[in-house]
There are 2 protein chains.
Amino acid sequence: MTIYLDNAATTAVDPRVLKAMQPYFSKHFGNASSLHGFGQRARAALEDAREKVAALIDSKPEEIIFTSGGTESNNLAIKGLAWAHPNKKHIIISAIEHHAVMEPCEWLRKHGYDITVLPVDSYGLVDPKAVERAIRPDTLMVSIMHANNEIGTIEPIERIGAICRAKDVFFHTDAVQSFGKIPIDVDAMHIDLLSASSHKIHGPKGVGCLYVRKGISLVPLAHGGGHERGLRSGTENVAGIVGFGEAAAIAKKEMAADAKRLTALRDRLIKETLKIQDSWLNGHPRQRLPGNANFGFRYIEGEALVLQLDMHGIAVSTGSACSSKSLEPSHVLLALGLRHEEAHGSLRVSLGKFNTRADIDALLKVLPQTVERLREISPFKRKYK
Amino acid sequence: MTIYLDNAATTAVDPRVLKAMQPYFSKHFGNASSLHGFGQRARAALEDAREKVAALIDSKPEEIIFTSGGTESNNLAIKGLAWAHPNKKHIIISAIEHHAVMEPCEWLRKHGYDITVLPVDSYGLVDPKAVERAIRPDTLMVSIMHANNEIGTIEPIERIGAICRAKDVFFHTDAVQSFGKIPIDVDAMHIDLLSASSHKIHGPKGVGCLYVRKGISLVPLAHGGGHERGLRSGTENVAGIVGFGEAAAIAKKEMAADAKRLTALRDRLIKETLKIQDSWLNGHPRQRLPGNANFGFRYIEGEALVLQLDMHGIAVSTGSACSSKSLEPSHVLLALGLRHEEAHGSLRVSLGKFNTRADIDALLKVLPQTVERLREISPFKRKYK
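Residues numbered from 1 in each chain as written. Chains lettered and ligands numbered in written order. Predicted model: local features only at pLDDT ≥ 70, side-chain atom pairs only at ≥ 80, totals over all residues. Heavy atoms only, no water.

A. Spatial organisation of the relation of the copies chain B and chain A. If you rotate chain B by 180° and push it 0.0 Å along the axis, it lands on chain A with an RMSD of 0.0 Å. Taken together, these values place the two copies in the relation of a two-fold axis. Of all interface residues in chain B, 100% are interface residues in chain A too; the two copies therefore contact each other through one and the same surface. (Least-squares fit on C-alpha atoms with pLDDT ≥ 70 in both. Contact = heavy atoms within 4.5 Å.)

The following block contains the structure:
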């Protein structure tokens with residue numbers, strides 16, 4: 001028995017997505033830049049996928065640039081915009097951005113950029129007024145994520161976008177966790193650049209996109225044959241992009257129903273889990289992703305909990321998979337105001353389309369006893385007794 | 001009936017490769033950075049693929065950095081090395097490099113780098129002595145491709161590598177066309193950095209690698225969670241990488257036999273095609289990739305020939321798919337000394353593992369009459385009469 005509750009890290013490819021991809025490996029395998037029939041069929045498939053992805057965020061298809069994933073999209077948005085507009089050298093981000101936003105900014109900082117890192121409140125919310133106050137004449141862009149990957153908090157990006165538009169500053173949002181999960185409208189939300197990833201919405205890994213509002217110039221990360229309107233050279237990953245398109249089309253149809261169902265499962269999970277003594281919820285109680293729950297358990301290590309639950313056949317995480325090898329506590333949890341030892345005791349349960357009530361029941365059956373057993377052997381517990 | 005003879009642009013995924021990939025979409029779909037079983041199975045699959053890719057070029061597995069493809073690998077090699085060694089600002093390339101090498105260098109040129117572009121002889125060969133003469137105290141790297149994507153000429157990279165090693169200059173080779181087709185030994189050839197791609201060897205699109213000799217530091221293009229030894233952040237494309245590994249393993253076993261068979265097919269194609277009046281072979285008669293033939297036909301446009309053959313169900317190209325939308329003649333053919341009108345009349349036939357003698361026969365059956373008919377309506381022909 002294995003129960004997968006780590007859908008914020010990655011998801012299983014939907015069988016319908018895989019079916020859509022299959023013909024593009026060994027049959028319609030052409031290079032989309034080729035003149036012949038094989039190439040033209042690949043090109044048509046690419047453009048069809050582009051329309052499906054664009055439809056999910058109400059953008060024009062030609063504003064979608066396919067990339068290898070969310071990290072590349074974030075890097076292209078931030079460095080690409082910086083290189084294309086070298087006269088402005090100030091960038092505003094939040095303290096809870098993903099590493100794929102923070103690290104490109106850190107790199108730019110070494111090259112003369114000034115990076116303002118805005119704090120968040122105890123729920124992980126960025127204050128739009130703080131964004132407004134931080135904007136200066138030399139501000140190039142604001143990059144605030146749509147929803148946080150660890151705690152699921154949904155940021156007020158529509159208000160932040162409106163402020164950026166009024167102040168004539170570019171607004172980028174890392175929407176890797178929200179894309180396909182909650183509604184996005186790039187016009188209504190005043191978004192100039194948006195990063196999304198396929199493998200978080202039951203599409204294949206290795207594919208993502210950057211939405212680039214018409215008229216915005218970027219310098220590419222990958223120079224070459226001029227693919228993707230010159231913004232991302234390299235032979236297009238046709239099968240992967242077809243899968244991404246199909247996953248986006250399915251999300252458009254099923255997002256509302258999935259969100260409703262997962263929210264109910266999540267809320268049940270939260271309610272039951274908080275009955276465990278010395279536990280708490282990280283992130284906002286309501287303004288959070290339908291599938292995200294993130295708990296704190298005093299006196300224990302989140303990693304030990306993950307490993308114990310894995311032995312019970314349940315896959316969860318402490319937070320971001322991308323920093324699972326790091327011994328540092330989560331920068332997101334620290335930004336909420338948690339102490340180091342509190343930040344070490346986190347458990348992220350992230351639900352996806354294929355999870356059922358039975359999965360939650362299975363977790364709830366073993367979680368209290370697992371927490372209890374770990375506390376019995378915890379050196380922190382003894383210290384606190 | 002469709003006959004695919006454009007394997008230098010891309011290849012069909014080998015059914016054995018697709019079979020190896022299948023479990024990694026919807027079953028073993030974990031994020032390779034996750035601590036739980038799903039993650040660990042993904043990690044094991046990644047490392048297995050890394051060993052298979054490394055074995056094909058006699059490198060250590062830890063020297064293989066997985067990327068999204070050849071273009072990204074070339075960009076990472078060139079810009080990454082340049083950023084990591086800012087004290088040296090001279091780069092040497094050849095006049096027939098792929099756009100994915102030329103364009104990153106052009107971009108660096110705008111940022112203060114000096115780029116020496118070495119000429120080639122009429123076969124497309126770079127003179128190692130010219131490389132040696134071009135090296136200066138401020139030379140950072142030499143980037144010369146292993147085999148050319150349009151004309152198939154194989155460069156003397158072992159000699160070039162030895163010169164670079166002796167002069168203490170980094171040597172990068174774009175091996176996208178040669179990897180898996182002809183033997184490569186990174187130690188014997190003194191290669192420091194090597195770019196390869198999966199979809200040219202019957203693996204999936206959207207995957208490639210950069211070989212980075214141990215001890216060489218690079219600045220990543222994609223900053224983030226620190227994947228791939230910090231050189232390439234972003235959730236690894238597990239299914240794609242597994243496919244790349246399988247394609248590399250198959251190539252290691254079958255390369256020698258395939259090369260022998262394809263060389264015979266190619267030579268028959270060349271011999272018969274050159275019986276057409278006013279035709280010639282572009283590239284070296286022997287020192288060329290087993291599957292590559294590139295012809296010139298006086299008085300006609302290559303694109304018209306490609307489209308006519310496509311109507312006969314035969315997929316070929318004029319040269320690089322990556323520049324098929326450009327109206328400019330091939331920079332490779334011009335570098336050989338061809339005139340503009342000669343460079344416009346090229347036809348690249350590139351054979352792959354799944355091509356048979358019957359495919360060549362089918363092409364040879366229609367090629368002479370197609371060339372003849374196009375010449376009848378050619379304005380160039382009338383001019384030359």
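Now, onward.
B. Region of the structure containing the interface of chain B and chain A. Contact with chain B, which involves 62 residues of that partner, is made by 62 residues of chain A. Buried area between chain B and chain A, summed over both chains or domains, comes out near 5100 Å², and the portion from carbon and sulfur atoms is 62%. Counting across the chain B and chain A interface gives zero salt bridges. Scanning the region where chain B abuts chain A turns up 24 residue pairs in polar contact (both at pLDDT 80 or more). Of all elements in the fold, only helix 1 (15-21), helix 2 (23-26), helix 3 (37-56), helix 4 (70-84), helix 5 (99-110) and helix 9 (302-311) of chain B reach the threshold of two or more residues within the side of chain B that touches chain A. Counting residues per element, the side of chain B that touches chain A draws most heavily on helix 5 of chain B, at five residues. Partitioning the side of chain B that touches chain A into residue classes produces 26 nonpolar, 26 polar and ten charged. (Buried area = accessible area lost by both parts, 1.4 Å probe. Salt bridge = Lys/Arg side-chain N within 4 Å of Asp/Glu carboxyl O. Polar contact = N/O pair within 3.5 Å; in protein donor to acceptor, adjacent residues only side chain to side chain. Helix = DSSP H or I, 4+ residues; strand = E, 2+ residues; numbered from the N terminus. Nonpolar A, V, L, I, M, F, W, Y, C, P; charged D, E, K, R; others polar.)

C. Representation of the sheet that holds strand 2 (residues 64-67) of chain A within the structure. All names here are of chain A. The strand order across the open sheet built from seven strands is 2-8-7-6-5-3-4, with neighbouring strands paired in mixed fashion. Each edge of the sheet is formed by a strand with only one pairing partner; in this case those strands are strand 2 and strand 4 (114-118). Between one strand axis and the next, the sheet turns by 20° as a mean value, whatever way the strands run. As defined by bridge partners, strand 3 (residues 90-94) adjoins strand 5 (residues 139-143) across four bridges and the pair is classed as parallel. Along strand 5, the bridge assignment pairs I92 with V142. Those strands touched by helix 5 (residues 99-110) are strand 3, strand 4, strand 5 and strand 6 (170-174), and its axis lies near 150° from that of strand 3. (Pairing = 2+ DSSP bridges. Axes fitted to C-alpha atoms, helices over the stretch in contact; angles between N-to-C directions.)

D. Fine view of the packing of aromatic side chains. Throughout the structure, instances matching the rule amount to 18 aromatic pairs over all chains. Ring centres 5.9 Å apart and planes at 50° place the aromatic pair F179 of chain B and F244 of chain B in the tilted group. Of this pair, F179 of chain B sits in the loop between strand 6 (170-174) and strand 7 (193-197) while F244 of chain B sits in helix 8 (residues 238-273), placing them 65 residues apart in sequence. The pair formed by F179 of chain B and F244 of chain B is uniform in burial state, with each residue classed as buried. Cation over ring: K79 of chain A sits above W107 of chain A, and NZ or CZ is 5.0 Å from the ring centre. (Phe/Tyr/Trp six-rings, centres within 6.5 Å; stacked < 30°, edge-to-face > 60°. Buried < 20%, exposed > 50% of the residue type's maximum accessible area, 1.4 Å probe, protein only. Lys NZ or Arg CZ within 6 Å of the ring centre and 35° of its normal.)

E. Representation of the confidence of the model for chain A in the model. Predicted confidence across chain A gives a mean pLDDT of 95, with 97% of residues reaching 70 or more. For this predicted complex, the interface score ipTM comes out at 0.96, alongside a pTM of 0.96. (pLDDT = per-residue confidence, 0-100.)

F. Structural view of the domain arrangement of chain A. All names here are of chain A. For chain A, the assigned domains are domain 1 (3-9 + 255-376) and domain 2 (15-250). For the pair domain 1 and domain 2, the two sides together bury roughly 2500 Å², of which 59% comes from carbon and sulfur. For the domain 1 face of the interface with domain 2, the top three residues by lost area are M255, L289 and H331, together amounting to 25%. Across the domain 1-domain 2 interface, the total number found is zero salt bridges. Connecting domain 1 to domain 2 are 13 residue pairs in polar contact (both at pLDDT 80 or more). Elements represented by at least two residues in the side of domain 1 that touches domain 2 include exactly helix 8 (238-273), strand 10 (292-297) and helix 10 (331-335). (Domains from an automatic or database assignment.)

G. Seen up close, the side chain of R348 of chain B. Relative to the elements of secondary structure, R348 of chain B occurs in strand 12 (residues 346-350). Of the polar contacts made by the side chain of R348 of chain B, one reaches the side chain of D6 of chain B; its length is 3.2 Å.

H. A look at the environment of E341 of chain A. Residues and elements named next belong to chain A. Assignment of secondary structure puts E341 in helix 11 (residues 340-343). Judged by its relative accessible area of 34%, E341 is partly exposed. Each C-alpha atom of the pair E341 and Y123 lies 18 Å from the other, and the pair is 218 residues apart in sequence.

I. Representation of the nonpolar core in the model. Residues V142 of chain A together with V142 of chain B are the most contacted members of the largest nonpolar core, which totals 128 residues. If near-sequence neighbours (up to four positions away) are discounted, V142 of chain A is found in contact with I92, V131, I135, I160, C164, V169, F170, F171 and H172 of chain A. Within the second largest apolar cluster, 52 residues are counted, among which are A77 of chain A together with I115, L210 and L218 of chain B. (Core = buried A, V, L, I, M, F, W, Y, C linked by side-chain atoms within 4.5 Å.)

J. Local environment of the side chain of N355 of chain A. All names here are of chain A. Positionally, N355 belongs in the loop between strand 12 (346-350) and helix 12 (357-376). Of the residues examined, N355 reaches a relative accessible area of 5% and is grouped as buried. In this view, N355 contacts Y4, L5, N7, R261, L265 and S350; residues no more than four positions away in its chain are not counted.

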